[in-house]
Each structure stands twice: as structure tokens, then as C-alpha cells.
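# Residue-level structure breakdown
Take a look at the letters that make up each chain.
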Amino acid sequence: MPIRTPHFPDLLFDAARRLRRWEGALMALLQRHGYEELHPSLVLREPHEADCLRFFDGNELVALRSDFTVSLARLLSQRFPEPPPRVAYAGAIFRRPLQPWEPVERFEVGCERIHEDPEGRPGADVELARLLLAVPGALGLRGGILQLGHAALLRVPMDQEGLPPALRDALVRAISRRSAHRAAEALADHPAAPRLLAHAETLLEQLDGAGGLQALSRSPYAGALTRELEHLHGTLEALLPLLPAGLTLRVDPADVHGLPFYTGPTLRLWAPGAQQELAAGGRYDGLFPELGRPWFAAGFCVRLSRLLDLAETRPELFEPLP
Amino acid sequence: MTLTPAPLLLALPKGRLGDDLMPLLEQSPLALDREALRTRALRIPTATPGVEALLLKGSDLPRYVAGGVAALGVVGSDTLDETPVDVLELADLGLGLCRLSLCAPEPQDLESLRRRPHLRLATKFPVATEAWLEREGLTAEIVPLSSSAELAPLLGLADAIVDLVQTGSTLRAHGLREVATLARCSGRLIASRGAFLSQPERIQPLVKILIQVLNRK
């Protein structure tokens, strides 16, 4: 059945004005904090991800940029012997959507914090979280929810138990849905099921700020997660005094969104009641080593196309355009 | 300033699952207003102020929750697994228990179906059927139907069916038998991701009430 939703939506006056304004405000925010803009080419000539839009340039198969982080990582690892520490970007990506009504062309602004010293991780993560706290104000978004998770809280136990890929996927899906019964179904006869299910229970406990992390001390893997929990506590302590009015911080160890990619703390920004996050990011220490560089990195991306949709459907969430 | 719309909506299913659920809600804080039920009211007040119910067809219900219209909902896992939506699945309510099974005319069994060069399966559950075929390493033509799948093998439209089985009496009446179980199905409590994150203080108590009410069944 043909999908009639515009996959490549045209932005008319107000939406175009908002896009320009938001891009400008976010890039100014990032530049004030020392992030320098890079603009990777829209056309990729390297191997392409499966969800790319591909076409022939003469006899050569090329693709449109489908993700800034990966494009920037390729560019940086090829061009720089040492990583530029702070990088920002703005522009469009083209990606086949998971849901048929989502646009293929999406506008994003984001930043990456790259470093060589592993000890720099806590400081870099807090720096990014503080920047993300400033995003709603820059966008004129009234209120929001910052969801703080940590990919290693599920990754470490799964690694420790040597779960095969299919079982890992099923467990991640179950935890992402906050579904203990689906986790039990997935693990059924696995020998580590009692331990992993006890851990899942602690991840899924209703959480409330720093107190919520205490549940994880009852996990069978608490010993293996000491460093990650200290890191989360440290991040929380640094962020709580900085929370702007109208922004709520929710610590959610069950937020396993993007687990195959992220390796450490994860952040997502939501508008109250909105069904999709408006910004997302986290630590991804696996990408640069894959590209031959022993660098560590974290970043986040603000999904301007979703914000434009939200401004149309729920204008009361935003300050009016001047 | 409160930005989320009040009241909070609870999506409840019409049909067999709804018939099982409604009597359990009576006398509970989520009992539906009898007067409103007799009218064509879209939103049915409950015994808890600020909480209203929507009565929806099961196949539509997950979309109302995923879209954030309803904060919570009750839906069968068979329906949920067929609907590509991002919702939280907070509890298995153990309601409307049944199984999704591969059923074939007597005396066929799974091995005889496996040996067919071109297997045709009629079903209302193509997503779960495709997932099972993949797990089993089988290929089949799926014949999508919206009702009375059990007629398909009798009339030559398909070799077997994938359908919900509760007691098995309908199958036996049509000369069919279960040859494999694909999944255990039951009513699930689902929640909108955005609402759960935005208003946990309103949603959590309702989740507890629903689970307590259904545990008493």
C-alpha cells in the first residue's frame, strides 16, 4: 500500500524559520562551549549502512549521509593523527525509517567529544550532559525530561554470561519494553536465567533520582558494575544542582536504547508526554577503535525534524517565535 | 505549569478479552461508570477521578497507546505482537490465556507439513507466523485472512492454519489438530513510553491497582 505521508517533507514558512532559528541557537550554544563545526560531505563513497539511500554516480554506487556520528568518525580517523576534542555539526541526514510515516530526510544538530585519555571519560560525560541541559532553553522548549541511563548496566552482565547474539537482542528488547515477563520468556532454559532475571528486576524497579540506583546494589552483578555505578552517581551529583526550572531528571537503568552502539552513560531528552525522544546520545567507545584509532568518544544529537513535528502538533510546549 | 492533558486515559479492549476483564474491574477503583456505558460516550468515567476509559477494538488499541492518546492499555499479546508499535509492556496479566498454534487437518503432523515443497499457511497472525517460520528454517506462502481461518484448509485455500486455540473444540469440529505451539498468549498491560516517563507518579498507582485486581481473579 503506498504511504502518502511526505517522506521528504517540504518545510513551509514557519517551519523553515524555526529550523534556521534552532540550528543557529544550538550551533551558537555549542560554539560557546568550544565545539568547532565540521561539515562532512552529504555523499558517502565508503561502504554503506543498510538503511542508506543509495544511487549510482556514473558506474559508482554511492549513498547519502545517513548518520553524522559515523561520517564524522570516518573523516576524523582518516584526516587527524590526534582527535580534535570538540566537534559540532548541523545538517540533513537521509535514512530509511523504521516506521513508514517517518521522514527519510531529517535535520540534526549535534556534537562529539573525543579524547585519547580513558581517565577523561567522567569529565567528558558530565560536560555533554550539562550541554544537553541547556538545549531546551536554546530551543524555547517549555519543560522537558532528561533520561539518564547506562549501557554497561546490561551489557556487562550479558558479556559475563556469554549470551549469544539472538538471546542478547531478545533480552534488550524485553528490558527496553520494561517487560520482566518477556525477559523470562527469552531466557527460558538458559543456565544464567535466575541471575539475569534478578538483575533485570533491579533494572526495572521504579526509579527516583539517585535513590533509584540503590536497587542495583541487590543485583548479582553489583560487584562487576561498581565502576559504572560510581560513574552514574558522579554524573548525577554534578547534574542535579544544575537542573534548570521545568526540566526533570530521571535516572533509568532500564533505558537500553541503542545498546549495540553505546558503551557507557546514555542521555535522552523528551518533551512532556511526547512519544519520541527529541535528543539522544551517550558514550560510544567502540567506534574509533573499529576505525583504527584508540580514541574514546561521546556525543549527542538533537533531532530537529521531530521538534518541528512537535511544534506543529503541540505548540503549547514552545515559546512563540519572535 | 502542567503541560500534559488531564484526565488520564486507559484503553480497554472490546471483545473476548474485554468480556473477561470488565467483571474484574467492577468494585475496583477502575470500575467503569454504568450510566456512561449505556450511552454512546466516547470516554467512560471510572471510579477514580481523573481517570477515564476508552473502549477500543483490540487491533486498534496498541496504536492509541503508542500515540500517547491513552497512557495505559490492556491488549492480548497475540494482537500486540502483530502491531509494529513502540510501547512498554509492563505486566503479563494472565487474562484470556490461550496459545497460538499451527493446526493442520488430521492426520497430518509437523513432519508431513515440513516435507511439502510449497506450504500454504492461512492466518490472522502473519508477523508471528513469519517469525516462527524463520526460527524453524521453513519457507511458506502466508495467506492472510481476517476471520475464520479454520475454513481455509477445508476449502483448499491453505494446507494448514496458524490460529489461537483455547479449548481446541473449534479445531476438532473442523477436523483439525494442533501440530506445533508458536506462543503462549495472554492479556498484557501496556503503557505509552512518553506518558510513563512524564507522569510516573500518576501511572504507577494505576498499574498497581490493575495488577492487584487481576491477581484476585
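As the structure is a prediction and not an experimental result, all values here were calculated from the model.

Residue and element names in this part refer to chain B. Along its sequence, chain B is organised into domain 1 (8-96 + 186-215) and domain 2 (98-184). Spacing between the C-alpha centres of domain 1 and domain 2 amounts to 30 Å. Taken together, the contacts link nine residues of domain 1 with nine residues of domain 2. For the domain 1 and domain 2 pair, buried surface summed over both sides reaches about 760 Å², with 41% attributable to carbon and sulfur atoms. Across the pair R184 and D92 runs a salt bridge whose closest N-O atoms are separated by 2.8 Å. Taken together, domain 1 and domain 2 are joined by five residue pairs in polar contact (both at pLDDT 80 or more). Examining the composition of the side of domain 1 that touches domain 2, we find that four residues originate from one element, helix α4 (residues 77-82), more than from any other.

Residues and elements named next belong to chain B. Pairing within the open sheet is mixed, and its five strands lie in the order β8-β7-β9-β6-β10. Strand pairing shows two members of the sheet lacking a second neighbour, β8 (141-144) and β10 (176-185), which therefore form its edges. Within the sheet, the average angular offset between the axes of one strand and its neighbour, ignoring direction, is 30 degrees. As paired elements, strand β7 (residues 120-123) and β8 share four bridges and run parallel to each other.

This next bit is on unusual backbone geometry. All names here are of chain B. Cis peptide bonds are those with omega within 30 degrees of zero, and the linkage from E106 to P107 qualifies with 0 degrees. Inspection of the secondary structure puts P107 in the loop between β6 (98-105) and α5 (110-114). Look at S148: it is not a glycine, yet its phi comes out positive at around 45 degrees. The residue S148 is located in the loop between β8 and α7 (151-154) in this model.

With that settled, the discussion passes to the confidence of the model for chain B. On average, residues of chain B score 92 in pLDDT, and 97% of them reach the 70 mark or higher. At the level of chain-chain contacts, confidence expressed as ipTM amounts to 0.88, with global pTM at 0.90.

What follows deals with the environment of G76(B). Residues and elements named next belong to chain B. The topology assignment puts G76 in strand β4 (residues 72-76). It is 27 Å that separates the C-alpha atoms of G76 and P49, two residues lying 27 residues apart in sequence. Among residues more than four places away in sequence, those in contact with G76 are L17, S186 and G187.

Moving on, we come to a negative patch on the surface. Residues and elements named next belong to chain A. On the surface, a cluster of negative charge is contributed by E82, E116, D117 and E119. Summarising the element assignment, D117 is placed in the loop between β6 (105-115) and α3 (121-139). Given a relative accessible area of 42%, D117 falls into the partly exposed group.

Following the criterion strictly, the structure yields 39 salt bridges over all chains and no others. Between R113(A) and E127(A) there is a salt bridge, with the nearest N and O atoms lying 3.2 Å from each other. Pair noted here: R113(A) is in strand β6 and E127(A) is in helix α3, with a separation of 14 residues, a long-range link. What makes R113(A) buried here is its relative accessible area of 13%. Note that E319(A) is salt-bridged to R142(A), the shortest N-O span being 3.6 Å. With a gap of 177 residues between them, E319(A) in the segment after α11 (304-313) and R142(A) in the loop between α3 and β7 (144-150) connect regions that are remote in the sequence. Judged by relative accessible area, which is 41%, E319(A) ranks as partly exposed. A residue is classified by how much of its surface remains accessible, and R142(A), at 27% relative accessible area, is partly exposed. A single network of salt bridges, built from pairs that share partners, joins R177(A), R182(A), E185(A), D81(B), E89(B), D92(B), R184(B) and R188(B).

Conventions adopted
- Residues numbered from 1 in each chain as written.
- Chains lettered and ligands numbered in written order.
- Predicted model: local features only at pLDDT ≥ 70, side-chain atom pairs only at ≥ 80, totals over all residues.
- Heavy atoms only, no water.
- Domains from an automatic or database assignment.
- Contact = heavy atoms within 4.5 Å.
- Buried area = accessible area lost by both parts, 1.4 Å probe.
- Salt bridge = Lys/Arg side-chain N within 4 Å of Asp/Glu carboxyl O.
- Polar contact = N/O pair within 3.5 Å; in protein donor to acceptor, adjacent residues only side chain to side chain.
- Helix = DSSP H or I, 4+ residues; strand = E, 2+ residues; numbered from the N terminus.
- Pairing = 2+ DSSP bridges.
- Axes fitted to C-alpha atoms, helices over the stretch in contact; angles between N-to-C directions.
- pLDDT = per-residue confidence, 0-100.
- Patch = residues over 30% accessible without salt bridge, like charges linked within 9 Å, V, L, I, M, F, W, Y side chains within 5 Å.
- Areas by Shrake-Rupley, 256 points an atom, 1.4 Å probe, with all protein chains shown as cover.
- Lys, Arg positive; Asp, Glu negative; His and termini not counted.
- Charge placed at Lys NZ, Arg CZ, Asp CG, Glu CD.
- Buried < 20%, exposed > 50% of the residue type's maximum accessible area, 1.4 Å probe, protein only.

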